Structure formats: C-alpha cells, structure tokens
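Inside the fold
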Amino acid sequence: MHSLLARGALQIVCTMIILAKISPLVVLVLIWQLAPPFASSISFSPVLPALLAFSRCRSVNAASAEKENEVKSILQRMESDALAFRDAIERVYGYRCKTATLAECSEANFNGCSSTFPNQVCMAEDELVISACGDGASCNALWDKTQSTVSIPAALATGDFGNPSDPELIETACYSRLAEPFMIDKYEADVEYWNGYGVHPSWTYFGAHNGLFRKIPATHQEQCGLYDPRRRPWYVAAQSGPKDVILVIDQSGSMNDYGRMNIAKEAATTVVETLTVADRVAVVSFSSAASQIGEFDTLIRATVENKKRLIEAIKSIEAGGSTNFYDAFSTAFDALEKTAESEVTSGCNVAVLFLTDGQITEGPGADSVVSLVNERTQNFSSNYARRITIFTFSLGQQADHEVPKSIACSTSGIWTPVDDLTDDLVSAMSSYYKLFALGLGEGDNEDFVSWVEPYKFHTAEAMGTTVSAPVFDRSVRPPQLLGVVGIDMYMDALAKILGEDASSSTMLDRFVMLSTARCPEISLTECELDALRFLGGGAEATCGVCNGTSYAGIIPEKCPLQSEEVLPNNLFQNTDLEGTETYEERACCEAGGIVPSESCPAEGDPAVAAIIAIVFLVLVCCCCCCGCCYFFLVKRREYQATAVPNQSIAAVISGNVTTPAKENAAPVPLTKPTKPSNDQTEPDIHLGTAYNGVSMVPPPHSYSNSSAPPFNPKFDAVKRY
C-alpha cells in the first residue's frame, strides 16, 4: 500500500520534471520527505521504486531534451545560412554601378518563363515531384541545380522578351547575379547536410524591394509574370518584424464608382495575405457607422486559417451609405485597446491602414477626427508604451485628398494617393511596407531573422517553412532596405526527429516563439518620415517639413553615368521558350530526360486520370438520364395503349370508343362533337390531351383510310414512338 502511494507521488513529481524542468535536487528532497511516514513499518522500501521511477523519468526527459537540442541546432544552422546569404547580397550590392558588373550581365541570366537552362535535367522522383507534370516515375519537371533564374512581375517587365526597362531593376539583376556562386556553393553543401536526415534541400532566393526575384535551383514558372516576392509572408515578416495591423475600409456608396471598392478589397487582401503568425490583425468596415468584421472584437493571430476567414469576410463587403470617419477611427482604437488589455497583442509596433475615397458626409468633421486620432494615439502610447502609425490612402484620381492627408500629417502618419488604374499595389503601399524595415538595419536588430508558419509548398505540395532576413545598404543612415533573402526547408526532418506532425499546434508554437523573439524599434526624424511619404506618393504626399535633398537613406541613389549604352538592354542568355502557352510545354519532361516532352503529362498521371474520371461520370449521368426518359416514354405509351386499345381516331370521332376504367365496365358512348359555328374555333386535337375526357392517340403509321379524316398536322411536331 505504502509502495503504491509512493509510486503515485513520484509519478506526479516525474511529470513536474518533464513539464517544468524542476531541479533533481528538489526531487530528492521530496522523496526524502515521502519516506519517513512509512519508515517505521517498511523501512525505506517506498523510496526504492520511487528512485527507479525517477530514473526512468530522467531518461525520458533527457531523450526529449536531446531531440529538442537537435531541432534547435537545425534551426540555428538555417538562421546562420540566411545571415551569410544576406551578407553576400550586401557585399555584391557595392559593385552595382561598376562598368564590368553591367557589361558582363548582358545576356548572362536565365528567365524563369522563357529560357532553357544549360544543365537542365528531369527531377528525380525521390527528390521532388511536380504533380502538374506527372507522378515523378514517368514524367516530372526540368530544373538546373547549377544556375539561378530571374523572374519579374509582368507589370514591371515592360521591355522586349520579358526584360525590365527600369534602370534600378536592371542594376538589381546585375549585382544579384554576382551572388550566384555563393548560392551554388550553398546548395551543394545543403545536399550533403540534409542527406544526413534523409531529406533534400529546397530553394534559396533573394527578393528585391523593387519586385525582382532570383532563386536556385533554376525552375520554370507555372504562371508567367505572376509571382511578386513583396507579396509573400516570408518577405514582409523579415522586412517589418512582428506588428499589430488594423485595416479600416470605407464601404460608403461612392466606393462603387470606378471600381474603388475592388481596389480597397484587393489592397486589404494583399496586406492580410502577407502577415505571419508573429502578427495580429483586425478589419473594420464603415459607412454611416463602423463595425469590426469577422465576428471578432480584438485583433487575432494571423494564422493561415484566420487569414482565410478574414479574406472571405473582406470579399463579402458591399458598398452603400454615407461616410463617417469619426466612428471608423473610434471603432479601430476600441479594438486596439481591448486587445492590449487582454494581453493578446504582438507587443510590437502598431499600424492603422485607412482606405477611403471620399469626404466626410456624416458624423463629426475633419477637425474632430484629427483631435480624436491624436488623443487616442497619445493615450495608447502612454498606457501601453507602444506607438501607433496612421497610414491613410485616397483611392482613385477623383478621391478627396485634403482630409486623409490632413489626418496623416497631423498625427505623424503617412498619406498616399492610389490611382484607379494601378496594377502595382505593393509599390503604391510601399510606405507601409518600408516604415517598419527602418528599425531592423542596425543596433539590436542588426541580425534580425524571421520564420513563417509551416505551410504547404505550392510547387512541391509538401509541408515546409521559410527563414528570411532583411538586406540593407548599411552605408547610409538609416540603412536602406534592398530586399529580403529566404531559405526554404522541408518539415520532414523536424517531424522525424520530434515524432510530431508538421502541422501540429506544438510545431506551430515553436515558430511563433522564433518569430516573436525580437521587436524592432523605430526612431525616425521628421525628414526621414517625409522621405517615406515622398517614396509612396511623390512630392504631393509630403507634409512639407523637409526638402528633397534630405531624403538620403530612404530614396535609393541612382548610379552615376547611367545611359542606354552602359545598361544592358537584354539580360537573358536565351528566350528559346518565348511563345509557349503552357507550363507543361516549358517544363514537363520524361524521367531521365533533359528537354520538354510532348508525351508529358503522361496518360496515367493523376491529373489526366481525374479528367478522364470526370468525363466518364458525365457520360454515365447522360446515359442514366436517357434511360429514364426512354423508360418514361415507353410506360406512357403502354398506358395510352391500354386506355384506348387498338382504336383509331376515326373510331373516336364516331363515338364508338370504350374505356377500360374498370374491369367489365359497360362501354361509355361519346357524343359526337357538333360542327362548330362560324364564331367558334374547332378544338385542336393533341397527343396526350383530353378531348371530352378521353386521351387521344394517333393511328399507326401504316394506317390509311381514305374515308378517315387526315392526320392532324400538329402530330408531326410531336415525337412519335
């Protein structure tokens, strides 16, 4: 009995060791305290099983700690690699204006949409399977592990053959090319490292602040010109750090004009999509009054699931009503304060993004709104030691600028006009994206890295995550953001080590802790803040506190002596695949092949099989419908034949028709219809319609009787049996 009690007590202690990591010395003291009550009758026998239980407990705890340490080692290596890659990009940036850098860049890159790669091979099935091409065994996709590839959003590839025309984009392609040897060497080292865990390395890439994207291994884009790194969570997480974001969307009636409601929805969706688990988010919509959408009253963690729910809610917003700025800001501040009181914030910087197109038409006026925003931001800073930055956006060329700009300039915020026809919302909202990056380039945040929530890689359809780090030009103050480097990692290795599912809540918690480890501190002068306004909306967006000569460090400097003669007009070595319509034509290959194959995707591929299955089901449904119709028509004919057996229309007209309504029933004579008078219309006789209570049936085709009345011509319009 005593031994059982001791064992039970030690099980509790063992649990405490594992969960709370209690010192073994404390445990020994507890054991000693458990022993005396039983010592008089059984000496120290209860202590012996207790010590054995404690020993087993220590073994379990040690094994768990060993696994955690191994995972920690992997993640630390990934972070070190990201910082080393960052250093490589920052180093080659110093050569961007060199004549040799630009000259050697001409026709020296490979386009992810239109180029063939020099050492391309079909992916091995055990490395990666691209389902769009096949099952990996017979068909897969081409890649080149010895080259990087460049892609540019379609809106920015305004030159011939997918080339950029903007000088800064051309410079970025050229200086980032100098980092290609580092990327190749790193990938080769990754192959050896990850082989030890039975997995393969994934992609390494650089996304520039202007939209250019370079990655290794080289692969073809599934959708040409669509990918923009600046809209990806790994990019935004690294350039801004953890944050609380509230989107305030005008849904008044005027937002229906010129498609502005769609612009607002797209902008809000873009912001939500780029958030990570380190962030908190809420959405407020307003017209005559304001309310928080999504059935929340605080900010929520930006998990994949929560983001989906918010985006669906954003899509459902409809325009109508007047415009009440005061209630909109009041609702937003209420949500922020409730979140802070509940201690469910990111604990870092706060952004309020206010999207509108019109003037105030209901509620207090502009002066009252400015006073409200100033008062609530100051109170929030005093009570919670956190700064709120107000970003206001005027949507559309005809939108009111005065009030949104006044709100921003009066509250140390940023106002940006957004054109109706813009096709580059990321650039239009660059002030929001770049403000928080300014606190990550120096001081305690100099080596800032970020992780994103484990997610399913689109290309590989496998669970993975990304570690990323911001890249700066540190020769200016404040350091100027150049872009973000990222390294993908499959979750297989961590799942094997820990014995956990890659999408489990405990796995997610690890990355939440990694992503919220640091909070960037932003300290800007008025001139630096005005430079950000200029960057987003030009001179019109500035508040007039500084002139353009004070914008160093915010506005990228151009290379001296830029000219068409110096800048290459064609970046790509070849555009062999220019004009191919589909990804399958560009990328799909037979196993072991080195060129695209017309036989891929293979007939046995899942995608093709699915199409065949759908077609088969459609045919089966059609056959069933036809069978049902045939059955119905046959039964109908049988019924009609039973109702008027073997009798002609002539017999019906003569009145000698019998009805089999009841067995052995007496014949029911029909009264011959009288000839209609001149003011009457002779009734039409239709198949299946009642004439004096009897269904009419046409005679057989072989029926011919000159004395019988002719066929009703309307029978010809009816399908005969």
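For the structure, check the block above.
Anyway, here's the lowdown on the structure attached to this text.

Definitions and cut-offs
- Residues numbered from 1 in each chain as written.
- Predicted model: local features only at pLDDT ≥ 70, side-chain atom pairs only at ≥ 80, totals over all residues.
- Heavy atoms only, no water.
- Helix = DSSP H or I, 4+ residues; strand = E, 2+ residues; numbered from the N terminus.
- Buried < 20%, exposed > 50% of the residue type's maximum accessible area, 1.4 Å probe, protein only.
- Contact = heavy atoms within 4.5 Å.
- Areas by Shrake-Rupley, 256 points an atom, 1.4 Å probe, with all protein chains shown as cover.
- Pairing = 2+ DSSP bridges.
- Axes fitted to C-alpha atoms, helices over the stretch in contact; angles between N-to-C directions.
- Parallel < 35°, antiparallel > 145°, perpendicular 65-115°, else oblique.
- Nonpolar A, V, L, I, M, F, W, Y, C, P; charged D, E, K, R; others polar.
- Core = buried A, V, L, I, M, F, W, Y, C linked by side-chain atoms within 4.5 Å.
- Disulfide = S-S within 2.5 Å.
- Patch = residues over 30% accessible without salt bridge, like charges linked within 9 Å, V, L, I, M, F, W, Y side chains within 5 Å.
- Salt bridge = Lys/Arg side-chain N within 4 Å of Asp/Glu carboxyl O.
- 1 Å grid on protein atoms, 1.4 Å probe; cavity = no way out; pocket = protein on both sides within 12 Å on 5 of 7 lines; lining within 4 Å.
- Points joined across faces, edges and corners; volume = space filled by probe spheres on them.
- Phe/Tyr/Trp six-rings, centres within 6.5 Å; stacked < 30°, edge-to-face > 60°.
- Lys NZ or Arg CZ within 6 Å of the ring centre and 35° of its normal.
- Expected span 1.5 Å × (residues − 1).
- Polar contact = N/O pair within 3.5 Å; in protein donor to acceptor, adjacent residues only side chain to side chain.

Quick notes on the overall build of the protein
The secondary structure content of the protein amounts to 21 helices and 20 strands. Burial status across the protein gives 48% buried among its 721 residues. A fraction of 73% describes how many contacts in the protein between residues 6 or more apart in sequence connect residues 24 or more apart. Counting only carbon and sulfur atoms, one obtains 54% of the accessible surface of the protein, whose full area is about 34600 Å².

Observations regarding the pairing of strand S5 (residues 213–216)
Taking every second residue as pointing to the same face, both faces of S5 are buried, with Phe213 and Lys215 on one and Arg214 and Ile216 on the other. Bridge count between strand S3 (residues 149–151) and S5: three bridges; the pairing is antiparallel. The residue of S5 that forms the bridge with threonine 149 is lysine 215. When strand S4 (residues 204–208) meets S5, the two strands line up antiparallel, connected through four bridges. Bridged to tyrosine 205 within S5 is lysine 215. Between S4 and S5, which pair antiparallel one after the other, the connecting turn spans four residues, and glycine 211 there sits at a positive phi close to 105°.

Thoughts on the packing of helix H11 (residues 325–341) against helix H12 (residues 366–384)
Any two packed helices are characterised by how steeply their axes cross, that is the angle between the axes, and by the distance between the axes. Two elements in contact, H11 and H12, have axes whose closest approach is 10 Å; the angle formed by their N-to-C orientations is 5°. Between H11 and H12, the interaxial angle falls into the category roughly parallel. Across the interface between the two elements, Phe325, Tyr326, Phe329, Ser330, Phe333, Asp334, Leu336, Glu337, Ala340 and Glu341 from H11 touch Ser368, Val369, Leu372, Val373, Arg376, Thr377, Phe380 and Tyr384 from H12. Of the residues assigned to the contact of H11 with H12, the class counts are 11 nonpolar, three polar and four charged.

Points about the nonpolar core
Core analysis: the biggest nonpolar cluster contains 48 residues, and Ile89, Phe206, Met489 and Leu494 have the highest contact counts within it. For this core, the element with the most residues is helix H4 (residues 47–93), which contributes 10 residues. The residues touching methionine 489, leaving out its near neighbours within four places in the chain, are Ile74, Leu75, Met78, Trp194, Ser202, Trp451, Phe457, Gly464, Thr465 and Leu494. Judged by nonpolar contacts, the second largest core, of 43 residues, contains Val245, Ala268, Leu275 and Tyr433.

What about the environment of valine 272?
Residue placement: valine 272 occurs in helix H9 (residues 260–273). Judged by relative accessible area, valine 272 falls into the buried class, the value being 0%. Once the C-alpha coordinates of valine 272 and leucine 310 are considered, the two residues, 38 residues apart in sequence, prove to be 7.9 Å apart. In contact with valine 272, other than residues within four places in its own chain, are Leu247, Lys307, Ile311 and Ile314.

Structural notes on the state of the cysteines
The full count for this structure, using the stated rule, is seven disulfides. With a sulfur-sulfur separation of 2.1 Å, cysteine 133 is cross-linked through a disulfide to cysteine 588. Linking cysteine 133 and cysteine 588, the disulfide has an S-S dihedral of approximately -80° and is accordingly described as left-handed. With cysteine 133 in the loop between strand S1 (121–122) and strand S2 (139–144) and cysteine 588 in strand S18 (residues 588–590), this pair connects stretches of sequence that are 455 residues apart. Per residue, the accessibility class of cysteine 133 equals that of cysteine 588, and both read buried.

Some details on a nonpolar patch on the surface
A contiguous nonpolar patch, built from Val121, Ile594 and Val595 and spanning about 250 Å² of accessible area, is present on the exposed surface. Tracing the backbone shows isoleucine 594 in the loop between S18 and helix H20 (606–643).

Comments concerning unusual backbone geometry
Cis peptide bonds are those with omega within 30 degrees of zero, and the linkage from isoleucine 216 to proline 217 qualifies with -5°. Considering the arrangement of structural elements, one finds proline 217 in the loop between S5 and strand S6 (218–219). Following cysteine 600, the chain continues into proline 601 via a peptide bond in cis, with omega recorded as 5°. Its location among the elements puts proline 601 in the loop between S18 and H20. In this structure, phenylalanine 161 takes a positive phi of about 55° despite not being glycine. As for its position among the elements, phenylalanine 161 is in the loop between S3 and helix H6 (167–177). Relative accessible area serves as the criterion here: at 47%, phenylalanine 161 is assigned to the partly exposed category. A positive phi angle is found at serine 412, which is not glycine, with a value near 60°.

Remarks on empty space enclosed by the protein
Overall, the coordinates contain five cavities of 30 Å³ or more when judged by the stated rule. Counted as a void, the second largest cavity has a volume near 60 Å³. Taken together, Glu127, Leu128, Trp143, Tyr187, His200, Pro201, Ser202, Trp203 and Tyr490 form the lining of the second largest cavity. A per-class count over the lining of the second largest cavity returns six nonpolar, two polar and one charged.

Section: the packing of aromatic side chains
Counted by the stated rule, this structure contains 20 aromatic pairs. On the numbers, 5.1 Å between centres and 80° between planes, the contact of tyrosine 193 with tryptophan 194 is edge-to-face. The interplanar angle of 55° and the centroid separation of 6.0 Å between the aromatic rings of tryptophan 194 and tyrosine 197 together place this pair among those described as tilted. When its relative accessible area of 4% is taken as the criterion, tryptophan 194 is described as buried. Through successive ring pairs, a cluster of aromatic residues spans Tyr205, Phe213, Tyr227, Trp234 and Tyr235. Cation over ring: arginine 77 sits above tyrosine 193, and NZ or CZ is 3.8 Å from the ring centre.

Observations regarding the packing of H9 against helix H10 (residues 304–315)
Between H9 and H10, whose axes approach to 10 Å, the crossing angle comes to 175°. By the angle between their directions, the pair H9 and H10 is classed as roughly antiparallel. When H9 is examined against H10, the residues Lys265, Ala268, Thr269, Val272 and Glu273 are found in contact with a partner set consisting of Lys307, Ile311, Ile314 and Lys315. Its residues assigned to classes, the contact of H9 with H10 comprises four nonpolar, one polar and four charged.

Re the pairing of strand S16 (residues 463–473)
On a regular strand, one side chain projects to one face of the sheet and the next to the other, so that they alternate. With 10 of its 11 residues buried, S16 lies for the most part within the structure. Relative to S16, strand S14 (residues 450–451) runs antiparallel, the two sharing two bridges. Along S16, the bridge assignment pairs serine 450 with serine 468. Looking at chain direction, strand S15 (residues 455–456) and S16 are connected through two bridges and run antiparallel. The residue of S16 that forms the bridge with tyrosine 455 is glycine 464.

Describing H11
Think of an α-helix as 3.6 residues a turn; residues three or four steps apart then line up on the same face. The terminal C-alpha atoms of H11 lie 25 Å apart, and with 17 residues this matches the ideal 24 Å at 1.5 Å per residue to within 8%. Burial in H11 covers these residues: Phe325, Ala328, Phe329, Ser330, Thr331, Ala332, Phe333, Ala335, Leu336, Thr339 and Ala340. Backbone nitrogen of tyrosine 326 and a side-chain oxygen of the N-cap are separated by 3.2 Å at the start of H11; the cap is asparagine 324.

Focus on the pattern of salt bridges
Under the definition given, this model contains 17 salt bridges. The partner of aspartate 190 in a salt bridge is lysine 186, with the nearest N and O atoms 2.3 Å apart. One end of the pair, aspartate 190, and the other, lysine 186, are both in helix H7 (residues 180–195), four residues apart, so they sit about a helical turn from each other. The exposure class assigned to lysine 186 is buried, which follows from its relative accessible area of 8%. Linking arginine 230 and aspartate 228 is a salt bridge whose minimum nitrogen-to-oxygen distance equals 2.9 Å. One exposure class covers both arginine 230 and aspartate 228, and it is buried. Members of the salt-bridge network, linked through shared partners, are Arg77, Asp81, Lys186 and Asp190.

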